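Fold and geometry: a report
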Amino acid sequence: MAIVDVVVIPVGTEGPSVSKYIAEIQTKLKEYKNQGKIDYQLTPMNTLIEGDLKDLFEVVQAIHELPFDKGLDRVCTNIRIDDRRDKSRKMNDKLKSVENHLNNGGQA
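Residues numbered from 1 in each chain as written. Predicted model: local features only at pLDDT ≥ 70, side-chain atom pairs only at ≥ 80, totals over all residues. Heavy atoms only, no water.

As named in an unreviewed UniProt entry, the protein chain is Thiamine-binding protein domain-containing protein, taken from Staphylococcus saprophyticus subsp. saprophyticus. Note on the protein chain: under the UniProt heading Sequence similarities (unreviewed entry), the record states "Belongs to the UPF0045 family." (UniProt positions renumbered as here; feature names shortened; annotations may be inferred.)

Quick look at helix α2 (residues 53-69)
Over its 17 residues, α2 extends 25 Å from the first C-alpha to the last, a length consistent with the 24 Å expected when each residue adds 1.5 Å. Regarding α2, the residues found buried are D55, L56, V59, V60, A62, I63, L66 and P67. Along the long axis of α2, the arc covered by the buried residues comes to 160°, so they all point the same way. Within α2, the exposed residues directed more than 90 degrees away from the buried face are K54, Q61 and D69. Just beyond α2, the residue with positive phi is G71, at close to 100°. (Helix = DSSP H or I, 4+ residues; strand = E, 2+ residues; numbered from the N terminus. Expected span 1.5 Å × (residues − 1). Buried < 20%, exposed > 50% of the residue type's maximum accessible area, 1.4 Å probe, protein only. Arc of directions from axis to C-beta.)

So, the UniProt feature "domain: Thiamine-binding protein" (unreviewed entry) in the protein chain
Per the UniProt record, the feature "domain: Thiamine-binding protein" (unreviewed entry) sits at residues 4-99. Note that residues 4-99 is 44% helix and 29% strand, and that its end C-alpha atoms are spaced 21 Å apart.

Overview of the nonpolar core
Core analysis: the biggest nonpolar cluster contains 16 residues, and L29, I38, I49 and I63 have the highest contact counts within it. Secondary-structure elements contributing two or more residues to this core are β1 (2-11), α1 (19-34) and α2. Here this core gets 6 residues from one element, more than from any other, and that element is α2. (Core = buried A, V, L, I, M, F, W, Y, C linked by side-chain atoms within 4.5 Å.)

Next up, the structure:
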């Protein structure tokens, strides 16, 4: 299971706010989640998506296209991929691992 950190940046919007574009992206992600392909988490600065790498590339392409579908002529999308293959871990597992270290006074 891989995790993608993705930021879709619509360029040429009518103002500085892009929240309506991000809301549409979250709606599309919910569709993929309901299909059982991914899980995702919105943060104030990005969206984290987990799933099989093949599905993640499909999802990233789909959400990259959404602002174009609204009439924009330019979209910049940044992605970062965490693909660990020695064990299967989910986003929450990674958070729990850090919390365990914090609860043990920083000891491994």
